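Structural overview
Listed below, chain by chain, are the residues.
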Amino acid sequence: MDLIVPTNHVHEGFCSFQHLHRETTGSFPVRVDKVGFNLGPTRLHVGCCKARFLLKRKRNQVFAVSKAELLSLNGKLKDSKKPPHGHLGNGHISSNHVNSSQNIEDFESNYHLRRLVRNGELEEGFKFLENMVYHGDIPDIIPCTSLIRGFCKLGKTRKATRVMEIIEDSGAVPDIITYNVLISGYCKSGEIDNALRLLERMSIAADVVTYNTILRTLCDSGKLNLAMKVLNRQMEKECYPDVITYTILIEATCKESGVDQAMKLLDEMRSRGCKPDVVTYNVLVNGICKEGRLHEAIKFLNDMPSYGCQPNVITHNIILRSMCSTGRWMDAEKLLADMVRKGCSPSVVTFNILINFLCRKGLLGRAIDILEKMPKHGCPPNSLSYNPLLHGFCKEKKMDRAIEYLEIMVSRGCYPDIVTYNTLLTALCKDGKVDVAVELLNQLSSKSCSPVLITYNTVIDGLSKVGQTEQAMKLLHEMRGKGLKPDTITYSSLVGGLSREGRVDEAIKLFRDFGRLGVKPNVITYNSIMLGLCKARQTDRAIDFLADMIMRGCKPTEATYTILIEGIAYEGLAKEALELLNQLCSKGVVKQSSAEQVAVKM
């Protein structure tokens, strides 16, 4: 049976099918909000979802009634007193049949949506969500929340926002987790204004996690005043701050207004019945130490048990670092012993703080003693324990000891990281042992430690300085092959090497090449080429490079001018060179002491 509803007899409050068809044919219609603003085509796409959902339910009812009528006409409805399952005897269709049909469709749609999101198919999930809501299905909040989280992780907050709009327009109700996920995404993307706007229009009450997320972002971006206003709003909404809230605000107050002001916030926290924890106290201890009030920090450490909170290893590490930075080595070692006595086990970080500062002061013997004690305290040394020691040996040009401790750390099962190797490579190149550096660089791949840009730059510079530019150029091609992009330092080293070897035309060609690649030359690059040109008695070309340098906004140094003056003198124009030197000296471009040194050479 075909059921035709005349368009001119549509009940008030329902759209006529004819009218609906007219509005949705062709291109998407202009969307109009409740107050008549033009919102574009997408809004109607989702805005009509509720209407479509109702129409879908009406359609199901019509088909069910039609089926019931046909059955009765065929004599299959024998007993009107005993209506078939899912129907009412008064001629109305039971909602059980319609709802079960709708629920099955919703279940299947949401199952597919969950599968797409679980498999990381976010774009497909988004399209499917749009489609299912367009056809009147109510989406499940859990996969929608996962979809929002996925887009936020990718930095696609606009897409995440659109998901939220679709959920809200579909008739589904987002829960607090959904809102918190989107607010967190905004905060991580630096869109704090969007986070605050969403906070204002949430359809449910925000919880303390919502506020903590926003407060942390505001405090991290130095907006403490605004954070305090948000806190006041939080209190007005009777969403009371917790220990995390106050710790965030205390830390920000320490940075912006000082520890004394932060202490007032601590008192307020206690008066409101919110008990500070060890993290709160550690923030204050750190603030006291940064203000140079080490004695007060030590007193605060000792008083913490009376506040009902035992200091932990982080508390001690903060004070230990402050002691080391002020040269109080004996006090630092006493604090370490005191930690052990009180049953607060030191961590690898504790020992590394001591080792790092001892090595900086050149006290390598004492650093080795600390290193050897670490296993006894259940803290095997890591690469950060050995690196300062290796750097210390390299600084003192004790390369044999550095290599010895590299072998020791490997034999103890502590594998060097790229920082370790970069430290050794830098020292080897400075010591003129470039061949050893190249050998070590070649071994990195077999040691499961991939070289980075600074690694190649170090060895390329070392080779260029000892006249092995050809080998340095091979390393340039090698690093490019590994996907590493050369920078200004890379090219400056190579240009300098070629210029020193008298291959100034090759240096200029390389200079032009890396300019085309978008790598900006620096003053060292220009000086290298100008020096090469002056040595080749091509001062005119060197002066052209000076003009190019200034035109590109690269400021010449005193060395730039002394190179040119010496070049002019080298071409037999000593008198002219001396006059130019005096002029530059009178203008303050070249220092008097530097001018005297150049004059002696002429």
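Here's a quick rundown of the structure. (Residues numbered from 1 in each chain as written. Predicted model: local features only at pLDDT ≥ 70, side-chain atom pairs only at ≥ 80, totals over all residues. Heavy atoms only, no water.)

**Side note on the overall build of the protein chain**
A count of helical and extended segments in the protein chain gives 32 helices and 2 strands. The burial tally for the protein chain puts 44% of its 602 residues in the buried class. Counted over contacts in the protein chain with a minimum sequence separation of 6, partners at least 24 positions apart contribute 57%. Total accessible area on the protein chain stands at roughly 33,100 Å², and carbon and sulfur atoms take up 54% of it. (Helix = DSSP H or I, 4+ residues; strand = E, 2+ residues; numbered from the N terminus. Buried < 20%, exposed > 50% of the residue type's maximum accessible area, 1.4 Å probe, protein only. Contact = heavy atoms within 4.5 Å. Areas by Shrake-Rupley, 256 points an atom, 1.4 Å probe, with all protein chains shown as cover.)

**Comments concerning the pattern of salt bridges**
Applying the stated criterion across every chain, the model contains 29 salt bridges. Among the salt bridges present, the one from Glu123 reaches Lys159, with a minimum N-O distance of 2.6 Å. You can see Glu123 sitting in helix α5 (residues 122-134) and its partner Lys159 sitting in helix α7 (residues 157-170), a full 36 residues away along the chain. We classify Lys159 as partly exposed; its relative accessible area is 24%. The closest approach of N and O atoms between Glu291 and Arg293, which form a salt bridge, is 2.5 Å. Taken together, the shared-partner salt bridges in this structure form one network comprising Asp260, Glu291, Arg293 and Glu296. (Salt bridge = Lys/Arg side-chain N within 4 Å of Asp/Glu carboxyl O.)

**Concerning the environment of Thr280**
The residue Thr280 is located in helix α14 (residues 278-290) in this model. Overall, the relative accessible area of 0% leaves Thr280 in the buried class. As a C-alpha pair, Thr280 and Thr247 span 33 residues in sequence and 5.1 Å in three-dimensional space. In this view, Thr280 contacts Val243, Thr247, Ile250, Leu266 and Met269; residues no more than four positions away in its chain are not counted.

**Digging into unusual backbone geometry**
In this model, Lys397 sits at a positive phi of 60 degrees, which is unusual for a non-glycine residue. Note that Lys397 resides in the loop between α20 (383-395) and α21 (399-411). Backbone geometry at Arg537 places phi at a positive 60 degrees, although glycine is not the residue there. Within the fold, Arg537 resides in the loop between α28 (523-535) and α29 (539-551).

**Some details on the packing of helix α22 (residues 418-430) against helix α23 (residues 434-443)**
Orientation of α22 relative to α23, taken along the N-to-C sense of each, is 155 degrees, at an axis distance of 8 Å. Considered as vectors, α22 and α23 are oriented roughly antiparallel to each other. Pair α22 / α23 crosses with left-handed handedness. Here Tyr421, Leu424, Leu425, Leu428 and Cys429 of α22 lie close against α23, whose contacting residues are Val434, Val436, Ala437, Leu440 and Leu441. Looking at the contact of α22 with α23, its residues break down into 10 nonpolar, no polar and no charged. (Axes fitted to C-alpha atoms, helices over the stretch in contact; angles between N-to-C directions. Parallel < 35°, antiparallel > 145°, perpendicular 65-115°, else oblique. Left-handed = near helix turned anticlockwise from the far one by under 90°. Nonpolar A, V, L, I, M, F, W, Y, C, P; charged D, E, K, R; others polar.)

**Examining the nonpolar core**
Nonpolar side chains tend to gather and get buried jointly when the protein is soluble and globular. Membership of the largest hydrophobic core comes to 161 residues, with the highest contact counts inside it found for Leu129, Ile148, Ile214, Ile250, Ile319 and Leu389. In this view, Leu389 contacts Cys359, Leu364, Ala367, Ile368, Leu371 and Tyr405; residues no more than four positions away in its chain are not counted. (Core = buried A, V, L, I, M, F, W, Y, C linked by side-chain atoms within 4.5 Å.)

**Comments concerning α21**
Spanning 13 residues, α21 covers 18 Å between terminal C-alpha atoms, matching the ideal 18 Å at 1.5 Å per step. Regarding α21, the residues found buried are Met399, Ala402, Tyr405, Leu406 and Met409. For α21, the angular spread of the buried residues around the axis is 125 degrees, confining them to a single face. Looking at α21, the residues exposed on the side facing more than 90 degrees away from the buried face are Asp400, Glu407 and Ser411. On its buried face, α21 is in contact with α19 (364-373), α20 and α22. Backbone geometry just downstream of α21 places Gly413 in the positive-phi region, at approximately 80 degrees. (Expected span 1.5 Å × (residues − 1). Arc of directions from axis to C-beta.)

**As for the packing of aromatic side chains**
Counted by the stated rule, this structure contains 11 aromatic pairs. Both rings, one in Tyr526 and one in Phe545, keep their centres 6.5 Å apart while their planes meet at 65 degrees; by these two values the pair is edge-to-face. With a gap of 19 residues between them, Tyr526 in helix α28 and Phe545 in helix α29 connect regions that are remote in the sequence. No difference in accessibility class separates Tyr526 from Phe545, as the two residues are buried. One aromatic cluster in this structure is built from Tyr491, Phe511, Phe514, Tyr526 and Phe545. The residue whose ring lies beneath Lys159 is Phe126, and the NZ or CZ to ring-centre distance is 4.8 Å. The positively charged end of Arg270 is found above the aromatic ring belonging to Tyr307, 5.2 Å away from the centroid. (Phe/Tyr/Trp six-rings, centres within 6.5 Å; stacked < 30°, edge-to-face > 60°. Lys NZ or Arg CZ within 6 Å of the ring centre and 35° of its normal.)

**Some words on the side chain of Thr210**
Residue position: Thr210 is located in helix α10 (residues 208-220). Among the residues examined, Thr210 registers a relative accessible area of 1% and is labelled buried. If we ignore the near neighbours within four places in the chain, the residues touching Thr210 are Ile176, Asn180, Ile183, Leu199 and Met202.

**Describing helix α31 (residues 574-586)**
Its 13 residues give α31 an end-to-end C-alpha distance of 18 Å, which sits within 8% of 18 Å, the value for a rise of 1.5 Å per residue. Among all positions of α31, only Ala577, Leu581, Leu584 and Cys585 are buried. Taken around the axis of α31, the buried residues stretch over an arc of 100 degrees, which confines them to a single face. More than 90 degrees from the buried face of α31, the exposed residues found are Lys575 and Ser586. Along its buried surface, α31 packs onto α30 (558-570) and α32 (592-601). Phi for Gly588, located one or two positions after α31, is positive at around 80 degrees.

**Looking at the packing of helix α24 (residues 453-465) against helix α25 (residues 469-481)**
Interhelical geometry of α24 versus α25 gives an angle of 165 degrees and a closest axis separation of 8 Å. Between α24 and α25, the crossing angle belongs to the class labelled roughly antiparallel. Considering the relative orientation of α24 and α25, their crossing is left-handed. Residues Leu453, Tyr456, Val459, Ile460, Leu463 and Ser464 of α24 form the contact with α25, whose participating residues are Thr469, Gln471, Ala472, Leu475, Leu476, Glu478 and Met479. Class assignment for the residues of the contact of α24 with α25 results in 9 nonpolar, 3 polar and 1 charged.

**Overview of the side chain of Ser170**
Topologically, Ser170 is positioned in helix α7. Judged by relative accessible area, which is 6%, Ser170 ranks as buried. A polar atom in the side chain of Ser170 sits 2.7 Å from the backbone oxygen of Ile167. In this view, Ser170 contacts Val133, Ile138 and Pro139; residues no more than four positions away in its chain are not counted. (Polar contact = N/O pair within 3.5 Å; in protein donor to acceptor, adjacent residues only side chain to side chain.)

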